[in-house]
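# Geometric and topological summary
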Amino acid sequence: MANEVTLTAKGERWRRTRHPWVYRDDLRGVAESLAGQVVRVKGPDGTPVGQAFCNPRSKITLRWLTDDPDCPVDRSFWAGRLQAALEFRQRVVKDSSAYRLIHSEADGFPGLIVDRYGDILVVQSLSLGIEQVLPTLLDLLEGMLSPKAVVARNDSPVRRLEGLVVEKKLLSGKLPDRIEVTEGERRYRVDVMEGHKTGAYLDQRENRLWSRQFARGRVLDAFAYQGAFTLQVAGTAQEVLAVEDSAAALERLKENLELNGITNVRAERGNAFDRLRELEKNGERFDLVILDPPAFAKNRGEIRDAWRGYREINLRALRILNPAGTLITSSCSHLVNEEIFAEILREAAADSQRTVRFLESRTQSRDHPVLLTHPESKYLKCVALEAA
Ligand SMILES: C[S@@+](CC[C@H](N)C(=O)[O-])C[C@H]1O[C@@H](n2cnc3c(N)ncnc32)[C@H](O)[C@@H]1O
């Protein structure tokens, strides 16, 4: 059979871990002509073991689709997976009109992200295989959800590793002038074309709603983006200082405050590292500090610098907390795993010379499911600490 690849003995051991990626070295050769195809995968003894997307040009050469070596990977195969993804969201998302509908491997769509902002869908395809079936998937999404517009945010550089062009464009429908969504009791505007990621950091959705319980007195939201944490905590806080270094994000933050009639927030453009140092020096104190920085480590070589960066901001944040104040601190670098992040926080606590209690450790919202056998799919850490 033409569309077949064979695992080495090591590749077979790896497959049994149920990690959804197989690397080139774990295959007994693979033909260039299989690029973008669904292939039947055989074990070293020739037994068929499943099917996968194949891209010989990528280090991740196989992306697992199914353990069934014979089922047709056709429209009804994808319709079933889509239905399951929708039903899962109906179970786990109760309070927001913006959430992730498809989270790649964890939903059985290797390399596909689909985010929903009310009637608008934003798609990101990150593998050659999924790119080939995208027309079918878009057609199914149209049929099931009748979106007003579908946007492709294919501007991630990761696409280059798969030999795909980097671009963003409107795929169908018409984008409204303003896209407004709800999260809990708050509303916020999103720019799906120019905003970060697909427009919003949906992975922090549940953590933002959970953060409300710690809101009181003075709050600092450093790395605020368009204010999604600020919106949630402003209701019970006396005042909030929101710091963000992107002018465009800060503009949207201000719009979002207005949209919700919130008047107790000071929104400042600035570098959070500098501001944290200044606030400490000026003796300013807070009852809640929220740190949600961008990923400081995007590759292994950056882990040491990232460590220093995370330690610095967490140390400063702990120092400016009032007694019994809370620090909600996050890291979205998957390379800085839970153990490393815990060690960084331990170091920051020791350097701060304060008694710091651990309250809770969380991860990404459930609409970004984590596949237990795919450690890379668990990337977000969000920890609550209390300084005595
Ligand atoms: C992970 S996002 C924050 C998401 C936000 N908390 C939310 O829930 O929507 C990180 C933000 O930090 C901003 N940023 C990056 N470096 C910064 C710095 N040195 N000082 C202040 N903001 C920074 C980015 O522009 C981005 O908006």
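Because the structure is predicted, anything quoted here is derived from the model rather than measured.

## Things to note about the environment of Ala237
- You can see Ala237 is positioned in the loop between helix H6 (228-233) and strand E14 (239-244).
- Each C-alpha atom of the pair Ala237 and Ser146 lies 39 Å from the other, and the pair is 91 residues apart in sequence.
- In contact with Ala237, not counting residues within four places along its chain, are Ala215, Arg216, Gly217, Val219 and Asn264.

## Concerning the site of the ligand
- Residues in close proximity to the ligand total 18 residues, the closest being Arg208, Glu244, Asn271, Ala272 and Asp292.
- A distance of 2.6 Å separates an oxygen atom of the ligand from a polar side-chain atom of Glu244.
- Between Asp292 and the ligand, the recorded distance is 2.7 Å, taken from a side-chain N or O atom to a nitrogen atom.
- Its free accessible area being 610 Å², the ligand has 92% of it covered by the protein chains.
- Mapped by element, the contributors of at least two residues to the shell around the ligand are H6 and helix H8 (272-281).
- Class assignment of the residues belonging to the shell around the ligand gives a composition of ten nonpolar, four polar and four charged.

## Things to note about the packing of aromatic side chains
- One pass over the structure, following the stated rule, counts ten aromatic pairs.
- With a centroid separation of 6.4 Å and 50° between ring planes, the pair formed by Trp14 and Tyr23 is classed as tilted.
- Assessed through its relative accessible area of 28%, Trp14 is described here as partly exposed.
- Residue classification places Tyr23 among the partly exposed positions, given a relative accessible area of 27%.
- Members of the aromatic cluster, each reached through a chain of ring pairs, are Phe223, Phe273, Phe296, Tyr310 and Phe341.
- The ring centre of Phe286 lies 4.4 Å from the NZ or CZ of Arg218, which sits over that ring.

## Points about the environment of Phe109
- Within the fold, Phe109 resides in the loop between strand E6 (98-103) and strand E7 (112-117).
- Owing to a relative accessible area of 0%, Phe109 belongs among the buried residues under this scheme.
- With 129 residues separating them in the primary sequence, Phe109 and Gln238 have C-alpha atoms 44 Å apart.
- Excluding residues within four positions of it along the chain, Phe109 makes contact with Trp78, Arg81, Leu82, Ile102, Ser104, Ile130 and Leu137.

## Looking at the domain arrangement of the protein chain
- Split into domains, the protein chain comes out as domain 1 (4-66), domain 2 (75-173) and domain 3 (201-387).
- Taken over C-alpha atoms, the centre of domain 1 sits 24 Å from the centre of domain 2.
- Of the residues lining the interface, 13 residues belong to domain 1; the matching set on domain 2 comes to 15 residues.
- Note on domain 1 versus domain 2: buried area summed over both sides is about 1000 Å², and carbon and sulfur give 60% of it.
- Where domain 1 touches domain 2, the interface holds two salt bridges.

## A few points about the pattern of salt bridges
- Considering all chains together, one arrives at 44 salt bridges under this definition.
- In this structure, the salt-bridge partner of Glu105 is Arg63, at a minimum N-O distance of 3.3 Å. Here Glu105, found in the loop between E6 and E7, pairs with Arg63, found in strand E5 (residues 60-66); they are 42 residues apart in sequence, far enough to count as distant.
- On the basis of relative accessible area, Glu105 is assigned to the buried category, the value being 10%.
- A relative accessible area of 10% places Arg63 in the buried class.
- Here Glu278 ties to Arg275 by a salt bridge, and the two come within 2.8 Å at their closest N and O atoms. Taken as a pair, Glu278 and Arg275 lie in helix H8 at a separation of three residues, close to a single helical turn.
- On the accessibility criterion, Arg275 (14% relative accessible area) is buried.
- Residues joined in a network through salt bridges with shared partners are Asp274, Arg277, Glu280, Glu312, Arg316 and Arg319.

Basis of the calculations
- Residues numbered from 1 in each chain as written.
- Predicted model: local features only at pLDDT ≥ 70, side-chain atom pairs only at ≥ 80, totals over all residues.
- Heavy atoms only, no water.
- Helix = DSSP H or I, 4+ residues; strand = E, 2+ residues; numbered from the N terminus.
- Contact = heavy atoms within 4.5 Å.
- Near = heavy atom within 4 Å.
- Polar contact = N/O pair within 3.5 Å; in protein donor to acceptor, adjacent residues only side chain to side chain.
- Areas by Shrake-Rupley, 256 points an atom, 1.4 Å probe, with all protein chains shown as cover.
- Nonpolar A, V, L, I, M, F, W, Y, C, P; charged D, E, K, R; others polar.
- Phe/Tyr/Trp six-rings, centres within 6.5 Å; stacked < 30°, edge-to-face > 60°.
- Buried < 20%, exposed > 50% of the residue type's maximum accessible area, 1.4 Å probe, protein only.
- Lys NZ or Arg CZ within 6 Å of the ring centre and 35° of its normal.
- Domains from an automatic or database assignment.
- Buried area = accessible area lost by both parts, 1.4 Å probe.
- Salt bridge = Lys/Arg side-chain N within 4 Å of Asp/Glu carboxyl O.

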